[in-house]
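# Architecture at a glance
The primary structure of each chain is shown beneath.
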Amino acid sequence: MTPEPSPRIHWIVRMNHRNRTGCFAMLFVVLGAHLLDRPQGALVWGALALQFLLGPQLQFWLARRSPRPMKAEFVNMLLDSVAFGAWQAVLGFPLALTVALFIGASVNLTVFRGLRGVGESTGSFALGALLGAWLGGWAGPTEAGGFALVLTAGALLAYVLLVAFTAYTRSVSLHEARQQVRVSERALQRQLDENQILQAQLKDQAQRDALTGVFNRRYLVEALERELAQAQCQGLPLSLMLMDIDHFKRVNDTHGHQVGDEVLRGAAALLGGHVRAGDVVCRYGGEEFLLLLPGMPEAQAVERAERCRRELAERAITVGQAEVRVTLSIGVATFPVHGDSVAGLIECADRALYDAKRQGRDRVVVAMMPAHA
């Protein structure tokens, strides 16, 4: 199945039809003036009308229906060039007309074929001249009358201006198209930027706890594995603080879940105020939080845990008419002292947290050394 020609090719065919119709009408007048200086029979006048008045319509019809419109247009221009050569030979090679017709044939093919068009137009024009001389007989060169000469010069000027105007129109259209492409590219880039921002926001939301805004447990697993691998590679410590809000169920039962939610937000905000760049605060469970402290040894982690515990115990969380005070139980574990794996460190911190609750809550307990150490 032959592919449908592109809209650009159809536009070129229509442009050629418009230009050819106007230019050939001028040539009919110009060549007619030369024929008046050199009388010919009705057959020559008929051929002139057929080519320059009906010819453009026939060429357009053939190009529009061709499966390869551009090739059809190239053939049309070659035939035009042959015909131009033949007509100037029939008329006795008047200099002004010969120059004008050769310029027209050369420009037409050069516009569409580049330097190759120069050779093609020259060859086809010479072929037409030989054909015209053979058909019409050689009568020697002639000079056109003043009226024909003026018409020839005017037609040549009009043709050159038409070519220039067409080039200008195409340049403007091309510039506008490029501008539109730039606008579209900028709009597309803005859309891509917005999509990237949205993707980053969605990714961040997927990693955050909806209630407190700190990271969730899914993100914690990724962060722990990454930070532990870096600590092992660089020989640095890595501490965990696993925290639980004491008697949180009692807060919900006494004041309601809205107050309980505010307590969780307050605890998360307090922990967020104690982080360095690179520290990670996560909501580990219902009322449990985990603070990941890369590069921090056990002693500093215990000091940080005590400071968090004291500040929360001294802070009153006010929700409406209710004023709630809560405490924290905290278990601390450090790599490599208490474990060398994610699961091992969390297990040690969890046991330390359990010990803190068993010993009366509101305290910090450091994990015990593993039994195999």
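Let me begin by describing the structure that accompanies this report. (Residues numbered from 1 in each chain as written. Predicted model: local features only at pLDDT ≥ 70, side-chain atom pairs only at ≥ 80, totals over all residues. Heavy atoms only, no water.)

### Some points on the overall build of the protein chain
Heads up, the condition is: Here a helix means four or more residues in a row that DSSP labels H or I, a strand means two or more in a row labelled E, and each is numbered from the N terminus. For every residue, the accessible area obtained with a 1.4 Å probe (protein chains only) is divided by the maximum for its type, and the residue is called buried under 20%, exposed over 50%, and partly exposed between those limits. Residue contacts are counted whenever heavy atoms from the two residues lie within 4.5 Å of one another.
A tally of regular secondary structure across the protein chain gives eleven helices and seven strands. Judged by the C-alpha coordinates and their principal axes, the protein chain covers about 130 × 50 × 40 Å. Counting only residues that meet the buried cut, the protein chain has 42% of its 373 residues in that class. Considering only intrachain contacts with a sequence separation of at least 6, the fraction spanning at least 24 residues in the protein chain is 72%.

### Quick look at the sheet that holds strand S3 (residues 288-294)
Heads up, the condition is: At least two DSSP bridges between two strands are required for those strands to pair. For helices, the fitted line uses only the C-alpha atoms of the stretch in contact; every axis is such a line through C-alpha atoms, and the angle between N-to-C directions lies from 0 to 180 degrees.
The mixed open sheet is built from five strands, whose spatial order is S2-S3-S1-S6-S7. Each having just a single partner strand, strand S2 (280-283) and strand S7 (364-366) make up the two edges of the open sheet. In this sheet, adjacent strand axes meet at a mean angle of 20 degrees when their direction is disregarded. Here seven bridges tie strand S1 (residues 238-245) to S3, and the two strands are oriented antiparallel to one another. Bridge pairing in S3 links Ser-239 to Leu-293. Docked against the sheet, helix H7 (residues 217-234) engages S1, S2, S3 and strand S6 (328-335), running at close to 25 degrees with respect to S3.

### With respect to a positive patch on the surface
To keep it simple, the criterion reads: Patch membership needs two things, relative accessible area over 30% and no salt bridge, and members are linked within 9 Å if like-charged or within 5 Å if nonpolar (Val, Leu, Ile, Met, Phe, Trp, Tyr). Every accessible area reported is derived by Shrake-Rupley at a probe size of 1.4 Å, with residue values counting cover from the shown protein chains alone. Think of a salt bridge as a Lys or Arg side-chain nitrogen and an Asp or Glu carboxyl oxygen that are within 4 Å of each other. For the charge count, each Lys or Arg is scored as positive and each Asp or Glu as negative, with His and the chain ends excluded. By convention, charge coordinates are those of NZ in Lys, CZ in Arg, CG in Asp, or CD in Glu.
Taken together, the side chains of Arg-178, Arg-182, Arg-186 and Arg-190 present a region of like positive charge at the surface. Among the structural elements, Arg-178 can be located in helix H6 (residues 146-207). The exposure class of Arg-178 is partly exposed, given its relative accessible area of 47%.

### Here's the deal with the packing of helix H8 (residues 248-255) against helix H9 (residues 257-272)
What counts, and what does not: Here is the rule for angles: anything less than 35 degrees is roughly parallel, anything more than 145 is roughly antiparallel, 65 through 115 is roughly perpendicular, and the remaining ranges are oblique. Note on residue categories: nonpolar means Ala, Val, Leu, Ile, Met, Phe, Trp, Tyr, Cys or Pro, charged means Asp, Glu, Lys or Arg, and polar means any other residue, Gly included.
Between H8 and H9, whose axes approach to 7 Å, the crossing angle comes to 140 degrees. The orientation of H8 with respect to H9, classified from their angle, is oblique. On the side of H8, the interface is formed by Phe-248, Val-251, Asn-252 and His-255, while H9 contributes His-257, Val-259, Gly-260, Val-263 and Leu-264. Looking at the contact of H8 with H9, its residues break down into five nonpolar, four polar and no charged.

### Digging into the packing of aromatic side chains
Condition: Put simply, two rings from Phe, Tyr or Trp (the six-membered ring, in Trp's case) pair if the centres are within 6.5 Å, and we call them stacked under 30 degrees between planes, edge-to-face over 60, tilted for the rest.
Enumeration according to the criterion identifies six aromatic pairs in this entry. Taking 5.0 Å as the distance between ring centres and 55 degrees as the angle between the ring planes, the aromatic pair formed by Phe-24 and Phe-52 counts as tilted. Taken together, the residues span a long stretch of sequence, with Phe-24 in helix H1 (residues 7-37) and Phe-52 in helix H2 (residues 42-65) at a distance of 28 residues. The exposure classification of Phe-24 matches that of Phe-52, with both residues buried. Here Phe-52 and Trp-87 contribute two aromatic rings whose centre-to-centre distance is 6.2 Å and whose plane-to-plane angle is 55 degrees, an arrangement assigned as tilted.

### With respect to the nonpolar core
Note on soluble globular proteins: their nonpolar side chains tend to be buried together. Condition: Here the nonpolar core consists of buried residues drawn from Ala, Val, Leu, Ile, Met, Phe, Trp, Tyr and Cys, with membership extended through side-chain atoms lying within 4.5 Å.
Grouped together as the largest cluster of nonpolar side chains are 31 residues, with contacts concentrated most on Met-241, Met-243, Ile-245, Val-263, Phe-289 and Ile-330. Elements that contribute at least two residues to this core include exactly S1, H8, H9, S3, helix H10 (298-314), strand S4 (317-319), strand S5 (322-324) and S6. Among the elements that take part in this core, H9 stands out by supplying seven residues, more than any other. Each residue touching Val-263, except ones within four places of it in the same chain, is listed here: Ile-245, Phe-248, Val-251, Ile-317, Val-324 and Val-326.

### Here's the deal with the pattern of salt bridges
A side chain with one charge may pair with a side chain of the opposite charge, provided their charged atoms come close. For the structure on display, the rule yields 16 salt bridges. Between Asp-209 and Arg-283 there is a salt bridge whose closest N-O contact spans 3.3 Å. Of this pair, Asp-209 sits in the loop between H6 and H7 while Arg-283 sits in strand S2; the two residues are 74 residues apart in sequence, bridging distant segments of the chain. Neither residue differs from the other here; Asp-209 and Arg-283 are each classed as buried. Where Asp-355 meets Arg-358, a salt bridge forms, and the shortest distance between an N and an O atom there is 3.3 Å. Here Asp-355 and its partner Arg-358 are both found in helix H11 (residues 342-358), three residues apart, which amounts to about one turn of the helix. For Arg-358, a relative accessible area of 55% corresponds to the exposed category. Counted as one network, the salt bridges with shared partners bring together Arg-20, Glu-73 and Asp-80.

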